[in-house]
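# Fold and geometry: a report
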Amino acid sequence: MFEISSKILDYFGISSDFSVIVVVLVFFVYGLFALTFASLFAGITSWYERRIAGRMQSRIGPNRVGYQGFWQWLADGLKCWFKEDIIPKDTDSVLFRIAPYFVFTGVLSTFVVIPFSPTIVGSDMNVGLVYIIAITALVVAGILMAGWASNSKWTLLGGIRSAAQMISYEIPVALSLIVVIIPAGTLSLQKIIQMQGGAPYNWFIFHNPGTFAAFFIYFTSALAEGNRTPFDLPEAESELVAGYNTEYSGMRFLFFLFAEWMNLYVIGAIATAVFLGGWRIPGIAYEVQAASLWLQFVGFIIFLIKALLLVNVIIWLRWTLPRLRIDQLMIMCYKYLIPLSVIMILLSVFFTVIYYSLPFLSLAVRIVLFILSLIVAGYFGYRVYFNIKYFPDKTYLRWMI
Amino acid sequence: MTLEERLNLVKRENEILLNMGPQHPSTHGVIRFIVRADGEIMVEALPVVGYLHRGIEKLAEQTPYTGFIPYTDRVDYLAAMFANHAYVMGVEKLLGIEVPKRAEYLRVIACELNRIASHLIALGSMAMDIGAFTPFLHGIRERELINDITEMLCGARLTYNYMRVGGVSKDIDDRIIKKINDFLDRFLPGFIDEFNRLITNNEILVKRCVNIATVSADEAINFGLVGPNLRASGVKWDLRKNMPYSVYPELKFEVPVGEGFRGEVGDSYDRFVVRVKEMEESARILKQAVSQLPEGEILAKVPKRIKPPKGEVYSAVESARGELGYYIISDGTENPYRVKIRTGSFSAMKAIHIKSQGCFIADLVVLIASMDIVAPEIDR
Amino acid sequence: MSFTNYLANIRNSVVSIFEGMAVTFSWMLRRPHTVQYPDKVDKGHELIKEGFRGILEVDVSLCTGCLACQRTCPIGVILVEVSKGTERYITRFDIDAAKCMYCGLCTEACPTNAIRHTKEFAYSVDDIRKLVLHYIKEPVKPYKPVKDATPDNFNAGRFVSEIVKNREKEYVEYEAPSVKIPDGGQTEKEKN
Ligand code: SF4
Ligand code: SF4
């Protein structure tokens, strides 16, 4: 954003005395943009997720408000807005009131470092990844507050569960990101993207077997950190009624959901930036892309597509899998994900060192890994085909009904 | 002293009292548990029954024999055919009526369809309690086809009131037989296999259910568990085989028992898998019954006013939730003198109380679901 | 936990999640089983099956006034009044549809098929008293059963559709029609 501000200063010939005002203005506009983007994303995803879930369960899903129910999210939002904001008696009312905003802010703050294109980014911090890991701790605080302040045993259990879960899962998230930081040599998200190529085999996910596994470790632990199924224990509706947000209603309740759906994009965006090449366009050098506004826009679209694909996978996982138990969740974190990610760090170090002396090996490993994942995707397609053939229901490829 | 006060006396330090139900997403109707928990681990979950008590047994004393059949539907709304069947069998025994062969076959067809429908709900809601929503709706989808069939067969989708003293109320026709065959074609290899791939073999579900609330064979007998819950503990006891009634001796089928599919014999996962296997067997029974269906009457000659002679009778069928018994005393008038209903869910509640000790709260949900509790069956 | 066990756990999880996702994805490519009731029901989609036990209706012209239905109903929601005297008249035929449980026992008891189920099931009203359906507007002579008659190919739903149509109307207190008795007898109503 600083570059953009200085460009604006230059363009209009404004004297540097006013630079503070311009910088503040630019940041303000960017903040509004990020907030709008996140809110729109959260709203539309809430509709989209229900449609997808409907199709998976051979139902239709919401389709009454507007074309195919597209405005359902707006209707739901308005409904929540107009609902009475119930604050139960005997709650710790200050904490109860501010808890949703902690959660919301915690998730929204990650948009500071999540890039949209080579220059459109809130702040290209040199400690971007650390910042993300640190700022999301605010979510834990918010959820714990909500759980405690509601003065209900179910919410308290939900709050405790989520605190235990999110704090534990920050470790594998950080460790699996380190796997990429080793070959990248930087913590800044923009630099990490810059170091990857546009073509798939130049992405960091295929850099070496360590990063390949680290992608899945990151994805799993990010799901757990974001309280998504199969790790949605804090809000396990069949056990804890609704977990930490049982007592909430109206707009405050909506803020929790907002944060949850925004978090989907955050998970997808970080994975895209770190592992999947971010906004890089195949065959176009970084400098060319950074200079042209159009190419930046194309980069933005590419980034969005990749992130949305991951969001789809998250939704899809949610409607496929059951939920773990709290001790299994901890076992999975401490016995599986953490040791594995440590091994992956070692692997990554090993390969990074080897690549210095044997550059051709780098390309070979990348291509092998890429082909391997293509094979897995092909096998997956075969299994889907098999399932369709095995069950007598006919296929029906129209998405809208 | 109220229950809560009594519980407060035994409550130790560090324990919290949690009130689970009567309105709770996973208590399957209005069942209430008072959970004494130390953090996530329960000390015990004390079931409190009686929230759905409607005095059906008492109502029987004011209703004529035929008029009570619709009430039996309400005892177990997920498997109403069996309640019909057990009751009319009892009255027939009192009257000494021989039921026509065709009617018996129709009863078996209706009951087995109902067993599949009931197990689909049981499995689906167990998966849903564990957190997977999709298997539940896939189960509901198949059950809807069964509901369509029963709608054509007897006119209702849930409270069938299909059986009459001496037979059944409506005959089957070719359209219904075709529908049943269509359903079986998609159900037997197709749906069951897909269901297994989707949820039964899912590692998370397996890990959630294996070795949870293991009920050994001895314990199961002592608790008075019946049906799939008993068979999952490895006891091969099925009224259709051991105390044959209706035309079951003429049909070939297996009785699946728990073998410790992934863990110990009699754990929650065994109860899940035994139900899946029972659905397969039911589909097999249906195939045979539909192909062997004899011609003939569907209603025996029964006097218009049913007045059984003095006496008492116990008749039991193997319902989807195990042995469902009707104990009927007749004093020679038009109304029964007493009707006592023995249901499986009630005894399972005690097992839940004992087995919940030392489990996680999340396991209680699995335990309730795996016992396939239906609230009106407990309280009647 | 042995090391092979550890690896087996990872493998099982990955394989079973993979399979489960293939199943759910395959359902994305299929037509939903649900229909958009009531506005997007396909043509020819049979919503209610033949023989459905819906709201009851009475063809009073077929009723013999035998009271069999009233006696069979386990919860007593049918009220039939027949005037005494040499010439019998049916003066009242009410069914409380709010209490009826659609068991169908009354239809089986009826000798002439006068009382029967329709396919109608959606008839919500704003006043529960409207659910007491009155089938008799003026006294009717009971039907004389003909020997060996086959039941008419009746058009079930004739009467009920009228009731459903009129459900928006204000509730008016029902007055059972009184009978002018030719031979000077009294109706039930006048007696009270
Ligand atoms: S359907 Fe059953 S409840 Fe309704 S009026 Fe007839 S006998 Fe009574
Ligand atoms: S409706 Fe049928 S059973 Fe009822 S009084 Fe009339 S003829 Fe008799």
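See the structure above.
Residues numbered from 1 in each chain as written. Chains lettered and ligands numbered in written order. Predicted model: local features only at pLDDT ≥ 70, side-chain atom pairs only at ≥ 80, totals over all residues. Heavy atoms only, no water.

### Some details on the environment of C:D96
Residue and element names in this part refer to chain C. Within the secondary structure, D96 is located in strand 3 (residues 90–96). Residue class for D96 comes out buried when judged on its relative accessible area of 17%. Along the sequence, D96 and K84 sit 12 residues apart, while their C-alpha atoms lie 24 Å from each other. When near neighbours in sequence (up to four residues on either side) are disregarded, D96 contacts V77, L131 and V132. (Helix = DSSP H or I, 4+ residues; strand = E, 2+ residues; numbered from the N terminus. Buried < 20%, exposed > 50% of the residue type's maximum accessible area, 1.4 Å probe, protein only. Contact = heavy atoms within 4.5 Å.)

### Observations concerning the pairing of strand 7 (residues 322–330) of chain B
Residues and elements named next belong to chain B. Among the nine residues in strand 7, eight count as buried, and that is most of the element. Note: strand 6 (residues 311–319) against strand 7, nine bridges, orientation antiparallel. Bridged to G311 within strand 7 is S330. As paired elements, strand 7 and strand 8 (residues 336–342) share six bridges and run antiparallel to each other. Looking at the pairing, G325 lines up with R342 of strand 8. Linking strand 7 to strand 8, which pair antiparallel, is a turn of five residues; within it G332 sits at a positive phi near 90 degrees. (Pairing = 2+ DSSP bridges.)

### Digging into the packing of aromatic side chains
One pass over the full model with this rule turns up 54 aromatic pairs over all chains. For the ring pair A:F215 and A:F219, a centre distance of 6.1 Å and an interplane angle of 25 degrees mean the geometry is stacked. Taken as a pair, A:F215 and A:F219 lie in helix 9 (residues 209–225) at a separation of four residues, close to a single helical turn. The pair A:F215 / A:F219 is uniform in exposure class, with both members buried. Site record: aromatic cluster; members linked through ring pairs are A:Y30, A:F33, A:F37, A:F41, A:F111, A:F116, A:Y265, A:W294, A:F297 and A:F300. Directly above the aromatic system of A:Y390 lies the positively charged group of B:R197, at a separation of 5.5 Å from the ring centroid. A cation sits over an aromatic face here: B:K241 above B:F253, 4.3 Å from the ring centre. (Phe/Tyr/Trp six-rings, centres within 6.5 Å; stacked < 30°, edge-to-face > 60°. Lys NZ or Arg CZ within 6 Å of the ring centre and 35° of its normal.)

### Some points on the interface of chain C and chain B
Where the parts come together, the accessible area they lose is often given as the size of the interface. With 25 residues of chain C at the interface, the matching set in chain B holds 33 residues. A combined buried area of about 2,400 Å² lies between chain C and chain B, and 54% of that area is made up of carbon and sulfur atoms. Three residues stand out in chain C for area buried against chain B, namely C:W27, C:K49 and C:R53, and they jointly supply 23% of the buried area on that side. At the boundary of chain C with chain B, the tally comes to two salt bridges. Here B:R197 ties to C:E19 by a salt bridge, and the two come within 4.0 Å at their closest N and O atoms. (Buried area = accessible area lost by both parts, 1.4 Å probe. Salt bridge = Lys/Arg side-chain N within 4 Å of Asp/Glu carboxyl O.)

### Section: the sheet that holds strand 8 of chain B
Residues and elements named next belong to chain B. Judged by pairing direction, the sheet is antiparallel, and its three strands sit side by side in the order 6-7-8 without closing on themselves. In the strand order of this sheet, the two ends are held by strand 6 and strand 8, each with one partner. Here the strands of the sheet are splayed against their neighbours by 15 degrees on average, with no regard to which way each runs. With respect to the sheet, helix 4 (residues 80–95) is in contact with strand 6, strand 7 and strand 8, its orientation differing from that of strand 6 by roughly 150 degrees. (Axes fitted to C-alpha atoms, helices over the stretch in contact; angles between N-to-C directions.)

### Structural notes on a nonpolar patch on the surface
Together, A:Y11, A:F12, A:I14, A:F18, A:I21 and A:L25 make up an exposed nonpolar region whose accessible area comes to about 700 Å². With respect to the helices, strands and loops of the structure, A:L25 is situated in helix 2 (residues 19–56). (Patch = residues over 30% accessible without salt bridge, like charges linked within 9 Å, V, L, I, M, F, W, Y side chains within 5 Å. Areas by Shrake-Rupley, 256 points an atom, 1.4 Å probe, with all protein chains shown as cover.)

### Some details on the nonpolar core
Ranked by size, the top nonpolar core spans 113 residues in total, and within it A:F111, A:I205, A:Y218, A:Y265, A:V274, A:F275 and A:F303 carry the most contacts. Excluding residues within four positions of it along the chain, A:F275 makes contact with A:S176, A:L177, A:V180, A:Q196, A:W203, A:F204, A:I205, A:T211, A:A214, A:F215, A:Y218 and A:I270. In terms of nonpolar packing, the next biggest core, distinct from the first, is built from 95 residues, B:I97, B:I109, B:Y269 and B:L286 among them. (Core = buried A, V, L, I, M, F, W, Y, C linked by side-chain atoms within 4.5 Å.)

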